[in-house]
Amino acid sequence: MAMDPKALWTMSYGMYLVTARAGGRANGQIANAVFQVTAEPPRLAIAINKENFTHDLIRDGGWCGFAVLAESAPMEFIGLFGFKSGRDVDKLAHATVRDGLHVPLVVDHAVAVAEARVLQTTDAGTHTVFIVEAVNAEVVSGAAPLTYAGYHARKGKAPKNAPTYRGETEPPAPPAASPASTWTCGVCGYTYDPEEGDPAHGVAPGTRFEDLPDDWVCPVCGAPKDAFLPD
Ligand code: FE
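All figures in this text were calculated on a predicted structure; none of them were measured in a lab.

## Here we look at the coordination of the iron ion
Then step 1. Summarising the metal site, the iron ion is bound by the protein donors Cys185 (SG), Cys188 (SG), Cys218 (SG) and Cys221 (SG), whose distances to it range over 2.3 Å.
Then step 2. For the iron ion, the four donor atoms are set out with angles of 104 to 114 degrees between them, so the coordination reads as tetrahedral.
Then step 3. Counting residues between consecutive donors of the iron ion along the chain gives the motif C-x2-C-x29-C-x2-C. In this pair, Cys185 sits in strand β10 (residues 183-185) while Cys221 sits in the loop between β11 (191-192) and β12 (228-230), placing the two residues 36 residues apart along the sequence.
Then step 4. Taking the relative accessible area as the measure of exposure, Cys185 reaches 3% and is therefore buried.

Below, the structure is given as C-alpha cells:
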C-alpha cells in the first residue's frame, strides 16, 4: 500500500479559536486539531504549530482557552484569527473577549468556550501537542458547530501552519478571465464573487473585481488586490 495523503484528507475535524496569555501578551488563533481524549477527567489534545505566537503563549503561560466556532462564523473573523499573526496584530482587540481565570476567551461566533490547564507537552515535529485538562467550560449558544470540511467547502484552504495544510494542490489559474468572473486570493483562498460584492466594506453586489478600489484588500487575510488571480 502506498502513502496517499488524500486518504487523510477525508478525516473530520472541528474549527476552534485557541487563546492564551503569558508575559502580559495575549493572542488567539484558529486550530482544527483540538479533540477530547478522556472524559473523566476532561482532557484534550491540542496541536499548535511551533512558529505561531499562540504556541509560545500556551507554553509559557501553561493555560489555554478555546472556543468551538459556529457554522455561521464569517470568513473575515476566521481570517483575522487564522491568517494573521498576533506578533503583528492585536487580534483580541477586534473581538468580544471574556476574561477566564487565566486566559481570555473569545465569545464571538462561539458555540461553547472552555479554559484548560496544560498537563503535558509532546514534540510532534512542526507542532507541539498540548495535553490539557478543562477546568471551566460553558455553552455559549445552541448554534451548529463549524466543521473543517464545511470551512473548506465555503472558501479557501488551510493556513500553511495548520497541521492538515495540504499545500498547493491546484494548478495556477489561467490569466484570461471574463469581465464578471470570480477572483481568488492567492494568500488565503477567499473568492471574490462580483454577484455578492463585499457589502461589509462598502462594495455593492454587482461590482466587478476590476472595478474594486485600488486600496480594497482581501476581507479574509488583508492581502492587496494584486494577490488575486481570476478563476
Ligand atoms: Fe486573502
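Moving on from the model shown.
## Some words on the sheet that holds strand β4 (residues 43-49)
Then step 1. In spatial order, the strands read β2-β1-β5-β8-β9-β4-β3; together these seven strands make up an open sheet with antiparallel pairing. Each edge of the sheet is formed by a strand with only one pairing partner; in this case those strands are β2 (25-31) and β3 (34-38). Taking each pair of neighbouring strands and ignoring which way they run, the sheet shows an average axis angle of 35 degrees.
Then step 2. The sheet contact formed by strand β1 (residues 16-22) and strand β5 (residues 63-69) spans four bridges and is antiparallel. Bridge pairing links Tyr16 to Val68 in β5.
Then step 3. Here helix α2 (residues 53-61) sits on the sheet and contacts β1, β2, β4, β5, β8 (110-123) and β9 (127-139); the angle it forms with β1, its principal contact strand, is near 55 degrees.

Rules behind the numbers
Residues numbered from 1 in each chain as written. Predicted model: local features only at pLDDT ≥ 70, side-chain atom pairs only at ≥ 80, totals over all residues. Heavy atoms only, no water. Donors = N, O, S within 2.8 Å, 3.2 Å for Na, K, Ca; no water. Tetrahedral: all angles 85-135°; square planar, octahedral: opposite > 155°, others 65-115°. Helix = DSSP H or I, 4+ residues; strand = E, 2+ residues; numbered from the N terminus. Buried < 20%, exposed > 50% of the residue type's maximum accessible area, 1.4 Å probe, protein only. Pairing = 2+ DSSP bridges. Axes fitted to C-alpha atoms, helices over the stretch in contact; angles between N-to-C directions. Contact = heavy atoms within 4.5 Å.

Interpretation in functional terms is not warranted from these geometric data alone.
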